[in-house]
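# An overview of the molecular structure
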Amino acid sequence: MGHSDSEKYASDLDNQSPIGATPAIEDIELGEGGLKRSLKGRHMQMIAIGGSIGAGLFVGSGSALSSGGPASLVIDFIIIGFMLLLTVNALGELAALYPVAGSFYNYSIRFIDPAWGFAMGWNYAMNWLIVLPFELTTAGITIAFWTDPQNTGTPSINVGVWITVFLVSVVVVNIFGVRGYGEVEFVLGLIKVTAIIGFIILGVIIDCGGVPTDSRGYIGAHYWHEPGAFRNGFKGFCSVFVTASFAFGGTELVGLAAAEAANPRKTIPKATKQVFWRITLFYVISLFLLGLIVPSDNDNLSQASGGNTRYSPFVLSFQLAGIKALPSIFNAVITLSVLSVANSCTFAATRTIQALCARGMGPSIGARVDSKGRPYVVLIVTLLFGCLAYINEAKDGSTIFTWLLSISGLSNFFTWGSICFAHIRFRKAWAMNGRTTDDLPFAAMFGVIGSWIGLALNILCLVAQFYVALFPIGGSPDAEAFFEAYLAAPVVIAFFIGYKLYYRQWTLGVKLSEIEIDEGRREVDLDAFRAEMDAERAEKASWPFWKRAWDFWM
């Protein structure tokens, strides 16, 4: 793609139309008043490692342990983790090549179908818009660990006060634009990583009976035998998938941040590889240890949801071991983690909606970006959505909030499955143009086969959740319970069909032969780029085996 083409793609957003098989992808962070490329390598890697670790892991894993047992907890998180590893690799390949704003939905528009991309874009945006007030509420409730130590239900300081404090904090962070987001995520990510590593070390000590205040002594795998490795049979096993998907939600943010990365060709591959260690170390190992030191039949676990951190299995593990100070310290970590996710919610929602509006799939006013690289119109709207957190203060607020959250329940599976399928379609178009993986700045570690497996696992998870929604644990089929669990599916379908009807676009899918595969790339001189890649590969080929292995995984 020549200089004139690059300028063409970056200059005039108003001329874009969502109609057509393969609309041009805009690298809209270019030019005056565009998004800024302020995210450095350390920001990208910390976003990949700890960006979305929050209440889903620290609190939600408790209810999952209660409903499925320790074996279901670990197995389901391994399955979802493996699926995410495949998905993020596919995303990393696309994002390193096309570091464009609104990457996920853009790839769906370009390689699957414009209507599906439209549905995925707004599905993803709505997910984060709704999760933001949920996280603010959760952060407020975590404070009740100290303000209502007896769990009377009437904390000394109203939760609404803390919601206001945390909402103002998110506003302040966003005043500093993407650099503020990156720095906050870097610091909070370090805190989360340190806390989990500390828990893993202490968990081993507790399990081996090394805590003097723990009357249980050596525990070993006792809780896997009594009360047992599995609970509630196959339903219990399936029910853990949604908890796992919520806990892993946000892993794909590294791809969304590509448009604002200073050097995506270098930073995206490194950040993508970090996901393996995040999944293995922070989720699988910590949850395995959790199942060893906390019995799955503990009555408190069934109440572990949202911001009820007093029922967090991590906090319970310290209390059961008789350790006095750590429950409060870890609760503080959970509070900071939830704020981190609220920060990520704002980033994800604003960048996705801004990109949708820039492409003509939303109000044009939403595409505006100020001189500091902040999509200020969408940012104001997103932060106003944070005020929905106050709904919980109303008498029937929790019911309304439950229905709002149900819209985002399956959002992650649709997003991840679409990424995998877009990668599969991209590779076909890439090959049709005579290109090979040697022409890619980063090739997915598991190739197209990995994306097929990832797509299949996403579909299986949707089927498993459909089963649990239809036949809930301990209950009979109920329409209200079903739609609370599965409402996201008809919402996505409504977006898809609505686009088709509005634009009278009756064809399904895009023609791969019509895709301009070099649109949206930052590399202008493709020959020079290929020469640079060949030189890098030649250098790596001369490295010793251990260094090549390190580079593959790190």
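Throughout what follows, the structure given in this document is the object of discussion. Every value quoted in this text rests on a predicted model; they were computed, and no experiment measured them. (Residues numbered from 1 in each chain as written. Predicted model: local features only at pLDDT ≥ 70, side-chain atom pairs only at ≥ 80, totals over all residues. Heavy atoms only, no water.)

### Considering the environment of Pro133
Mapped onto the elements of the fold, Pro133 is located in helix 6 (residues 114-142). You can call Pro133 buried: its relative accessible area is 1%. For Pro133 and Gly386, which are 253 residues apart along the polypeptide, the C-alpha to C-alpha distance reads 4.5 Å. (Helix = DSSP H or I, 4+ residues; strand = E, 2+ residues; numbered from the N terminus. Buried < 20%, exposed > 50% of the residue type's maximum accessible area, 1.4 Å probe, protein only.)

### Examining the side chain of Asp214
Looking at the element boundaries, Asp214 is found in the loop between helix 9 (177-207) and helix 10 (222-228). A relative accessible area of 7% places Asp214 in the buried class. Here Asp214 is in contact with Ile206, Ile219, Leu320 and Ala321, once residues within four sequence places are set aside. (Contact = heavy atoms within 4.5 Å.)

### Quick word on the environment of Phe483
Looking at where Phe483 falls in the secondary structure, it is placed in helix 20 (residues 479-486). The spatial distance from the C-alpha of Phe483 to the C-alpha of Leu470 is 9.1 Å, given a sequence separation of 13 residues. Among all residues touching Phe483, those that are not within four sequence positions of it are Trp403 and Ser406.

### Quick look at unusual backbone geometry
Note the cis peptide between Glu226 and Pro227, where omega equals 15°. In this structure, Pro227 sits in helix 10. With a phi close to 60°, Asn232 is a non-glycine residue in the positive phi region. Among the secondary structure elements, Asn232 is positioned in the loop between helix 10 and helix 11 (233-248). What makes Asn232 partly exposed here is its relative accessible area of 42%. Residues other than glycine seldom take positive phi values, yet Arg504 does so here, at roughly 50°. In this structure, Arg504 sits in the loop between helix 21 (488-503) and helix 22 (526-541).

### Quick look at the pattern of salt bridges
This model, assessed by the stated rule, comprises 4 salt bridges. A salt bridge links Asp214 to Arg216; its shortest N-O distance comes to 2.9 Å. What makes Arg216 partly exposed here is its relative accessible area of 25%. (Salt bridge = Lys/Arg side-chain N within 4 Å of Asp/Glu carboxyl O.)

### Focus: the packing of helix 4 (residues 60-97) against helix 18 (residues 411-432)
At a closest axis distance of 9 Å, the pairing of helix 4 and helix 18 adopts a crossing angle of 50°. Taken together, the axes of helix 4 and helix 18 lie oblique to each other. Classified by chirality, the crossing of helix 18 by helix 4 is left-handed. Contacts between helix 4 and helix 18 pair Ile80, Met83, Leu84, Thr87, Ala90, Leu91, Glu93, Leu94 and Leu97 from the former with Phe413, Trp416, Ile419, Cys420, His423, Phe426, Arg427 and Trp430 from the latter. By residue class, the composition of the contact of helix 4 with helix 18 is 13 nonpolar, 2 polar and 2 charged. (Axes fitted to C-alpha atoms, helices over the stretch in contact; angles between N-to-C directions. Parallel < 35°, antiparallel > 145°, perpendicular 65-115°, else oblique. Left-handed = near helix turned anticlockwise from the far one by under 90°. Nonpolar A, V, L, I, M, F, W, Y, C, P; charged D, E, K, R; others polar.)

### Some points on the packing of helix 8 (residues 159-175) against helix 15 (residues 326-358)
Orientation of helix 8 relative to helix 15, taken along the N-to-C sense of each, is 50°, at an axis distance of 10 Å. With respect to helix 15, the axis of helix 8 lies oblique. Where helix 8 crosses over helix 15, the handedness of that crossing is right-handed. Between helix 8, through Phe166, Val170, Val173 and Asn174, and helix 15, the contact on the second element is made entirely by Thr335, Leu339, Ala342, Asn343 and Thr346. Taken together, the residues of the contact of helix 8 with helix 15 break down into 5 nonpolar, 4 polar and no charged.

### So, the packing of aromatic side chains
Here the structure, examined in full by the defined rule, presents 33 aromatic pairs. Ring plane angle 75° and centroid distance 6.1 Å describe the contact between Tyr124 and Trp128, whose orientation is recorded as edge-to-face. Remark: Trp128 and Tyr124 occur in helix 6; sequence separation between them is 4 residues, near one turn of the helix. The class for Tyr124 is buried, based on a relative accessible area of 2%. (Phe/Tyr/Trp six-rings, centres within 6.5 Å; stacked < 30°, edge-to-face > 60°.)

### Considerations on a nonpolar patch on the surface
A cluster of nonpolar side chains, namely Val168, Val171, Val172, Ile175 and Phe176, defines an oily patch on the protein surface of about 440 Å² accessible area. With respect to the element layout, Ile175 can be found in helix 8. What makes Ile175 partly exposed here is its relative accessible area of 47%. (Patch = residues over 30% accessible without salt bridge, like charges linked within 9 Å, V, L, I, M, F, W, Y side chains within 5 Å. Areas by Shrake-Rupley, 256 points an atom, 1.4 Å probe, with all protein chains shown as cover.)

### Quick word on the nonpolar core
In this structure, Phe58, Phe77, Ile80, Tyr107 and Leu136 are the most contacted members of the largest nonpolar core, which totals 140 residues. Discounting residues that sit within four places of it in the chain, Ile80 has contacts with Phe241, Ala244, Ser245, Phe248, Phe413, Trp416 and Cys461. (Core = buried A, V, L, I, M, F, W, Y, C linked by side-chain atoms within 4.5 Å.)

### Thoughts on the state of the cysteines
Under the definition given, this model contains 0 disulfides. Of the cysteine sulfurs around Cys238, a residue in no disulfide, the closest is that of Cys461, at 9.2 Å. (Disulfide = S-S within 2.5 Å.)

The quantities given are spatial measurements derived from coordinates; they are silent on function.
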